[in-house]
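# Breakdown of the fold
One-letter residues, chain by chain:
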Amino acid sequence: MDLLPDAAPLSTKLRNTLVQYHSIPDSEWRVAKRTKDATVWRKPSEEFSGYLYKAQGVVEDLTNRIVDHIRPGPYRLDWDSLMTTMDIMETFEENCCVMRYTTAGQLWNIIAPREFVDFSYTTSYEEGLLTCGISLDYGEVRPNFVRGFNHPCGWFCVPLKDYPSHSLLTGYIQTELRGMLPQSAVDTAMSSTLANFYSDLKKALKTDKQ
């Protein structure tokens, strides 16, 4: 088990990695799924043997509200249908923490419940925000869970220039679920999870406004 990392250099490295993903040319991505709420693309990950996924869609809300619903905090557990528990283990600053969370089984439990321990960092990006994370080898694994690993991942959220009350939300996710899983099952689950993320988020934002 590792000790907790120094937050400042890890935050900088994580931000730089996500900005690099954000500049990958469109020609390198292949469409994995389209829904009315979002499009999901993928390309081979440089971090592990699976894929780096990109998801993008317009969300009809203010950037700060959207990111408050995504980053670790009181909102996320209420609306994210995949997440079953979330605990903040350590807080470095207001925008920087280590969290442990668990996810439900997927694909009729072919993918069993997973546990993750992630370093999370939220910062400004252009006119909006970036909230990003990476898994740590920290803390004991809970019984009945497989410990998954998130390679650098994050969400860019920026207001649309002509419609500042709408935001463009772009995510980069590369999750190593671990365990004995067929890659096809992982790919199906990841594409669907990311598409559902947008629809669940939109419903939550509308509900919280009422």
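This is a predicted model, so every value here is computed, not measured. (Residues numbered from 1 in each chain as written. Predicted model: local features only at pLDDT ≥ 70, side-chain atom pairs only at ≥ 80, totals over all residues. Heavy atoms only, no water.)

Judged by nonpolar contacts, the single largest core of 31 residues is most densely connected at Ile-66, Trp-155, Leu-169, Tyr-198 and Leu-201. Looking at this core, the elements with two or more residues in it are strand S3 (51-59), helix H2 (63-70), strand S4 (83-93), strand S5 (96-103), strand S10 (153-159), strand S11 (167-173) and helix H4 (183-209). Apart from the residues within four sequence positions on either side, Ile-66 is in contact with Val-59, Asp-61, Cys-157, Ser-167, Leu-169, Leu-201 and Leu-205. In this structure, Ala-7, Leu-52, Phe-119 and Val-158 belong to the second largest nonpolar core, which totals 23 residues. (Core = buried A, V, L, I, M, F, W, Y, C linked by side-chain atoms within 4.5 Å. Buried < 20%, exposed > 50% of the residue type's maximum accessible area, 1.4 Å probe, protein only. Helix = DSSP H or I, 4+ residues; strand = E, 2+ residues; numbered from the N terminus. Contact = heavy atoms within 4.5 Å.)

Right, let's get into the side chain of Ser-135. Its place among the elements puts Ser-135 in strand S7 (residues 128-135). Among the polar contacts made by the side chain of Ser-135, one reaches the main-chain amide nitrogen of Asn-150 at a distance of 2.7 Å. Residue contacts for Ser-135: discarding those within four places in its chain leaves Phe-116, Val-117, Asp-118, Gly-148, Phe-149 and Asn-150. (Polar contact = N/O pair within 3.5 Å; in protein donor to acceptor, adjacent residues only side chain to side chain.)

A few words now on the environment of Cys-132. Its place among the elements puts Cys-132 in strand S7. Judged by its relative accessible area of 4%, Cys-132 is buried. For the pair formed by Cys-132 and Ser-11, sequence separation is 121 residues and the distance between their alpha carbons is 8.8 Å. In this structure, Cys-132 is in contact with Leu-14, Leu-18, Phe-119, Ser-120, Tyr-121, Cys-153 and Gly-154, ignoring residues within four places of it in sequence.

Moving on, we get to the packing of H2 against H4. At a minimum axis distance of 11 Å, the contact between H2 and H4 shows a crossing angle of 115°. Considering the angle they form, H2 stands roughly perpendicular to H4. H4 is crossed by H2, and the crossing has right-handed handedness. In contact with Arg-65, Ile-66, His-69 and Ile-70 of H2, H4 contributes Phe-197, Leu-201, Ala-204, Leu-205, Asp-208 and Lys-209. (Axes fitted to C-alpha atoms, helices over the stretch in contact; angles between N-to-C directions. Parallel < 35°, antiparallel > 145°, perpendicular 65-115°, else oblique. Left-handed = near helix turned anticlockwise from the far one by under 90°.)

Time to look at the packing of aromatic side chains. Across all of its chains, the model carries eleven aromatic pairs by this definition. Look at Trp-155 and Phe-197: their rings are 4.5 Å apart centre to centre, the planes differ by 10°, and that puts the pair in the stacked class. With Trp-155 in strand S10 and Phe-197 in helix H4, this residue pair connects regions lying 42 residues apart in the sequence. Comparing Trp-155 with Phe-197 shows no difference in burial state: the two are buried. Taken together through their ring pairs, the aromatic side chains of Tyr-21, Trp-29, Tyr-125, Phe-156 and Tyr-172 make up a single cluster. The ring of Tyr-51 carries the charged tip of Arg-42 above its face, separated from the ring centre by 4.0 Å. Its guanidinium or amino end placed over the ring of Trp-41, Lys-54 lies 5.2 Å from that ring's centre, counting from NZ or CZ. (Phe/Tyr/Trp six-rings, centres within 6.5 Å; stacked < 30°, edge-to-face > 60°. Lys NZ or Arg CZ within 6 Å of the ring centre and 35° of its normal.)

Here we come to the pairing of S3. Pairing geometry for strand S2 (residues 39-44) and S3, over six bridges, is antiparallel. Residue Thr-39 lies in a different strand from S3, and its bridge partner there is Gln-56. Hairpin connection between S2 and S3: a loop of six residues separates the two successive antiparallel strands. Where S3 meets S11, seven bridges bridge the pair, whose relative direction is antiparallel. Residue Tyr-53 lies in a different strand from S11, and its bridge partner there is Ile-173. (Pairing = 2+ DSSP bridges.)

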